[in-house]
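The chain contents come next:
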Amino acid sequence: MTEPTFWMEKEELLRFFRRHKTELSCMENPHIFLSQLRDHDLIPDDRYQKVSRMKSKNNIKRGLYDILDWLEKKQSKRIIDFWDCVFNETIMNQYPTLRLLHNKLKDGSFHFYQQQPERDETEESDEGKRKKLSADEDGEKKQTNSVKKKRNLKSRSACEEEEEEEQAGPSSRLTPRKKSKKLCFLSNEEEDEDEDSDHDKEDQVSSSSKESSTDDTDDERQTEERPQQQPQTSTTRHDCSRKVFSVTCGALAATLHRNRFASGTRGKSLRTETIWLTPEEFVKEASCPDADATWRKDILYEGEPLSVLIEGGILRIHSLLCKCGLCKPDSRDLDDQKNDDECCVCKGAGEEELVECDHCPRSFHQRCHLPHVEDDILGDDRPWMCTFCSFRTSQLSLHPDQQKKEEVVSRQISQLMLQCQYLLLYLCSADEEQIFATNPCLNLQDYSTVIKTPMWLGEVADKLQEQLYQTVGEFVSDIQLIFTNCAAYNRDNAEFLAKGNGLKELFDGEFKSVFNISDN
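Student: Help me out: how do you make sense of the overall build of the protein chain in this one?
Tutor: Within the protein chain, the regular secondary structure consists of 25 helices and 9 strands. Relative to its full complement of 520 residues, the protein chain shows a buried share of 48%. In the protein chain, the share of contacts with a sequence separation of at least 24, taken over all contacts with a separation of at least 6, comes to 65%. Surface exposure of the protein chain reaches about 26600 Å², of which carbon and sulfur atoms provide 47%.

Put into structure tokens, the structure is as follows:
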């Protein structure tokens, strides 16, 4: 396939590169991308190694942006080589961002956001035609997808794009199971800060040494990673890059999502266990008086009213004239606001479409849900119920009498498939950092020398989907193997040992609850 870079001028390609450096730096898991640049002698090995040693997602983004900035300044003469290198089909399959940029160059749509100081009427007319054609094509796509129960990741308004310009972009993986926020068993946020502030040090396993060195980390990174440890001032104590906030109103708790916030009555930005609500709806749900006037002070974040985040510029109230999808939603926008913007299982959004449950706020990638959501279900107009809701609906009738664990684990799994699917999805959802989601051997070089039988949640999900387990006991055995391996590998890492033990306790407790197992 002939790439469009062969007929474009270097100056135009360099301008395109400059406009998209921030977008490129937001690609998740950019190691393959960086390896490709190093293999083609576009970046030196020391810069590659510097970013490769980073573990914190924010630090990786900053490191990748620095490399791209260096490329623009020092390797501008090789800009054609850069685009030819990253527009390799194999590399684009790994990173949807590159695929989108490739398409923009190929179809000429990149000209829309090159703002020339002067243009004659002919150029403006041609551009208007191109915009109209693009809008017509988008309209046809939306009409085609509107009959399905799955949707693309929400298109963001101008307000939201401005607010999130430097936040994480599309996921860099096509396979949902690989879209994990955190893959390393040994690293944690405190370790990452120390590790990335001194890139010449080798990775270290000891959590105690990491904790002591973290105290020397500069104040700026402490503000970004641990806002609660900063001086108690209302404007500096909160993390400006944070996208989700745990809030309360009376006895009711929720998570406030910054990208959904518009005002008290617009934008369902608060997610409770069962529903998305606007701030005013949340206050009313909590049975607080005078909801219309007091949502700013009745909703609390870390003991302070929400007005502190608004006054500090962390939350921005949209103008009354704003016409974004939150402030002036159409029927599709309103429907999308009822469900989560990321997958309940892998915590990713990316370029893939999400299947929305019609009975709860959860959303899923087709292959993350258990059982997998087949394509023929998507065209069905009937309401779709996820496994969480299916299990909760039938829970009381499944095991009315108490049972013994020995009897449960010996039963055929085909008779208890719903319960096992629910348990695994429950466990994946509880693994917020996706620590146990993927094969640890892919990220820890010495893991296979310590652990002879690796196991992870994604592998259990695949075996469950393919019906490779015969009994409930085989399924439970693989789940317990994950925690046994974690304990064996992290003997000297109290942080991750505690994470594994915590998830194990969650599973054991939910297992007893699901099957109504007595403690005797």
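Student: In this structure, what is going on with the packing of aromatic side chains? I would like to understand it.
Tutor: Inspection of the entire model under this criterion finds 19 aromatic pairs. Geometrically, the ring pair formed by Phe-364 and Phe-388 is stacked, given 6.4 Å between the ring centres and 25 degrees between the ring planes. With Phe-364 in strand 9 (residues 363-364) and Phe-388 in helix 19 (residues 387-398), this residue pair connects regions lying 24 residues apart in the sequence. Pair check on accessibility: Phe-364 and Phe-388 agree, each one buried. Clustering of aromatic rings is evident, with ring pairs tying together Phe-16, Phe-17, Phe-33, Phe-82, Trp-83, Phe-87 and Tyr-95. Above the plane of the ring of Trp-276 lies Arg-260, whose end atom (NZ or CZ) is 3.6 Å from the centre. Over the ring of Phe-388 we find Arg-362; its NZ or CZ atom is 4.1 Å from the centre of that ring.

Student: Could you clarify how one ought to interpret the nonpolar core in this entry?
Tutor: In terms of nonpolar packing, the biggest core is built from 51 residues, with Leu-424, Leu-464, Phe-475, Ile-479 and Phe-511 touching the most fellow members. Residue assignment for this core shows that the elements contributing at least two residues are strand 8 (354-356), helix 19, helix 21 (417-430), helix 23 (457-465), helix 24 (472-489) and helix 25 (494-515). Looking at this core, the element that brings in the most residues is helix 21, giving 8 residues. If sequence neighbours within four positions are ignored, Phe-511 has contacts with Lys-405, Val-408, Val-409, Leu-423, Val-472, Val-476 and Ile-517.

Student: For this particular structure, what's the right way to read the pattern of salt bridges?
Tutor: It is possible for side chains bearing opposite charge to pair when their charged atoms get close. Under the defined criterion, the tally for this structure stands at 19 salt bridges. Two residues, Glu-28 and Lys-57, come together in a salt bridge whose shortest N-O distance is 3.7 Å. Of the two residues, Glu-28 is situated in the loop between helix 2 (21-25) and helix 3 (31-39) and Lys-57 in helix 5 (residues 57-74); the sequence distance between them amounts to 29 residues. With a relative accessible area of 16%, Glu-28 lands in the buried category. In this structure Lys-57 comes out as partly exposed when scored by relative accessible area, which is 27%.

Student: What's the story with the packing of helix 24 against helix 25 in this structure? I'm lost.
Tutor: When two helices pack together, their arrangement is given by the angle between the helix axes and the distance between those axes. At a minimum axis separation of 8 Å, helix 24 and helix 25 run at an interaxial angle of 160 degrees. By the criterion of interaxial angle, the relationship of helix 24 to helix 25 is roughly antiparallel. Helix 25 is crossed by helix 24, and the crossing has left-handed handedness. Seen from helix 24, the contacting residues are Val-472, Val-476, Ile-479, Gln-480, Phe-483, Cys-486 and Ala-487; seen from helix 25, they are Phe-496, Leu-497, Gly-500, Leu-503, Lys-504, Phe-507, Asp-508 and Phe-511.

Student: Quick question: what am I supposed to make of the packing of helix 21 against helix 24 here?
Tutor: It is at 11 Å that the axes of helix 21 and helix 24 come closest, and there the two elements cross at 10 degrees. Overall, the two elements helix 21 and helix 24 adopt an arrangement that is roughly parallel. Judged by the sense of rotation from one axis to the other, the crossing of helix 21 with helix 24 is left-handed. Residue-level contacts link Cys-420, Leu-423, Leu-424 and Leu-427 of helix 21 to Val-472, Phe-475, Ile-479 and Phe-483 of helix 24. Looking at the contact of helix 21 with helix 24 residue by residue, the classes come out as 8 nonpolar, no polar and no charged.

Student: What am I meant to see in helix 21 here?
Tutor: What sets the pattern is the α-helix's 3.6 residues per turn: residues three or four places apart point alike. End to end, helix 21 covers 20 Å across 14 residues, agreeing with the expected 20 Å (1.5 Å per residue, within 8%). Counting buried residues along helix 21, 11 of its 14 residues qualify, which places the element largely inside the surrounding structure. Met-417, Gln-419, Cys-420, Gln-421, Tyr-422, Leu-423, Leu-424, Leu-425, Leu-427, Cys-428 and Ser-429 are the residues of helix 21 that are buried. Looking at the buried residues of helix 21, the elements they touch are helix 19, helix 23, helix 24 and helix 25.

The rules behind the values
- Residues numbered from 1 in each chain as written.
- Predicted model: local features only at pLDDT ≥ 70, side-chain atom pairs only at ≥ 80, totals over all residues.
- Heavy atoms only, no water.
- Helix = DSSP H or I, 4+ residues; strand = E, 2+ residues; numbered from the N terminus.
- Buried < 20%, exposed > 50% of the residue type's maximum accessible area, 1.4 Å probe, protein only.
- Contact = heavy atoms within 4.5 Å.
- Areas by Shrake-Rupley, 256 points an atom, 1.4 Å probe, with all protein chains shown as cover.
- Phe/Tyr/Trp six-rings, centres within 6.5 Å; stacked < 30°, edge-to-face > 60°.
- Lys NZ or Arg CZ within 6 Å of the ring centre and 35° of its normal.
- Core = buried A, V, L, I, M, F, W, Y, C linked by side-chain atoms within 4.5 Å.
- Salt bridge = Lys/Arg side-chain N within 4 Å of Asp/Glu carboxyl O.
- Axes fitted to C-alpha atoms, helices over the stretch in contact; angles between N-to-C directions.
- Parallel < 35°, antiparallel > 145°, perpendicular 65-115°, else oblique.
- Left-handed = near helix turned anticlockwise from the far one by under 90°.
- Nonpolar A, V, L, I, M, F, W, Y, C, P; charged D, E, K, R; others polar.
- Expected span 1.5 Å × (residues − 1).

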